[in-house]
Amino acid sequence: MQSQSQSREKTRPARELTPNVDIFENDSELLVVADVPGLDPNDIGVHVDLPEFRIEARIQGSPENPVIYTRTFRIDERIDPERVKAEYANGVLRVHLAKSAAFRPRRIEVQSS
Amino acid sequence: MLVRFNDRSGFPVFRASRGLPVASLRREFDRLFGDLERAPSFAALNPPTVTFADTGEALSLRAELPGLTEKDVDISVTANALTLKASRKVEAPEGYAVHRRERQGFSFTQSYELPARIDPEKVQASLKQGVLTLTLPKAAEAQAKRVTVSATA
């Protein structure tokens, strides 16, 4: 891909689309839901690179008009980068970002004396 | 509410809500300030993206409908018109607090006048990963015919 772009004059970069997202949170995770229709699941990249979290996907279409969905979010140390899960169905991407154990609410039992 | 099939000047310009000067001004501001105003009332005006093509033997339609399944889409065709209905509801999952909501539900109905007669029996539709693709084969009489030029001596 790199060599190809060098051999050809680059006149038009890929058109970048910003998908609409919903962001939800519960005690154990952040849930990011994005509208990214028409993708092959293999072309979707979910990158966690603290303090950033990025969704990036290339739409398979005509090579003359490349289109990329991209959206970057800032996350903090409450998210465990090792425990990020993503699923793609009906053109909607759902990313589950689990919170680190230390930042999940824990119920404390009150001891009766 | 018929819209010309090949109208490239933007999508349903004939809708009352879109035609109002206030609405178009809003849209202009929305475009200028981009992300600032992704408020529900603004985004709700945005219909799904629909594109058309004429491949010679057939007309085709592509609509982006993320989150929809077959049962959310209703298509009816005649020899020269197409009606597309689609709706989606977006609900917050149970037990989650909401941080940001940009994805909108919609209820969309649009009729299109087709530029060529088609064969309604042969129309094919598929919905794959939120993209609806319709193939509308042209009727035999609407197919391009090759004219042979005969030389006269």
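My aim in this report is to walk through the structure given alongside it, one point at a time. Note that the structure is a prediction, hence the values are computed from the model and not measured. (Residues numbered from 1 in each chain as written. Chains lettered and ligands numbered in written order. Predicted model: local features only at pLDDT ≥ 70, side-chain atom pairs only at ≥ 80, totals over all residues.)

**What about the overall build of chain B?**
- Per the secondary structure count, chain B includes three helices and nine strands.
- Helices and strands in chain B line up, N terminus first, as β-α-α-α-β-β-β-β-β-β-β-β.
- Taken across its 153 residues, chain B has 15% of its residues classed as buried.
- Residue pairs at least 24 apart in sequence account for 58% of intrachain contacts in chain B once pairs closer than 6 positions are excluded. (Helix = DSSP H or I, 4+ residues; strand = E, 2+ residues; numbered from the N terminus. Buried ≥ 20, exposed ≤ 12 C-beta atoms within 10 Å, placed from the backbone. Contact = placed C-beta atoms within 7 Å.)

**Let's talk about the interface of chain B and chain A**
- On the side of chain A, 17 residues touch chain B, which itself brings 20 residues to the contact.
- Per element, the largest residue contribution to the side of chain B that touches chain A is five residues, and it comes from strand β6 (residues 97–101) of chain B.
- Of the residues in the side of chain B that touches chain A, the class split is nine nonpolar, six polar and five charged.
- Of the strand pairs in this sheet, strand β2 (residues 21–25) of chain A and β6(B) are connected by four bridges, and their pairing is antiparallel. Directly across from Ile23(A), in β6(B), lies its bridge partner Arg100(B). (Nonpolar A, V, L, I, M, F, W, Y, C, P; charged D, E, K, R; others polar. Pairing = 2+ DSSP bridges.)

**Comments concerning unusual backbone geometry**
- In this model, Leu50(A) is joined to Pro51(A) through a cis peptide bond whose omega is 10 degrees.
- With respect to the helices, strands and loops of the structure, Pro51(A) is situated in the loop between β4 (44–49) and β5 (52–59).
- Not every positive phi belongs to a glycine, and Gln129(B) is a case in point at roughly 45 degrees.
- Inspection of the secondary structure puts Gln129(B) in the loop between β8 (124–128) and β9 (131–137).
- Gln129(B) sits in the partly exposed class, given 17 other C-beta atoms within 10 Å.

**Quick look at the pairing of strand β6 (residues 67–74) of chain A**
Residue and element names in this part refer to chain A.
- Here strand β1 (residues 15–17) pairs with β6 via three bridges, running parallel. Along β6, the bridge assignment pairs Arg15 with Val67.
- Note that β5 and β6 share eight bridges and pair antiparallel. Among the inter-strand pairings, Glu56 is bridged to a residue of β6, identified as Thr70.

**Considerations on the sheet that holds strand β3 (residues 29–35) of chain A**
- The sheet built from five strands is open, its strands ordered β7(A)-β8(A)-β3(A)-β2(A)-β6(B) with antiparallel pairing. Sheet topology places β7 (79–89) of chain A together with β6 of chain B at the edges, where each strand pairs with a single neighbour. When strand polarity is set aside, the average angle formed by the axes of neighbouring strands in this sheet is 15 degrees.
- Of the strand pairs in this sheet, β3(A) and strand β8 (residues 92–99) of chain A are connected by seven bridges, and their pairing is antiparallel. Bridge assignment links Leu31(A) to a residue of β8(A), and that residue is His96(A). (Axes fitted to C-alpha atoms, helices over the stretch in contact; angles between N-to-C directions.)

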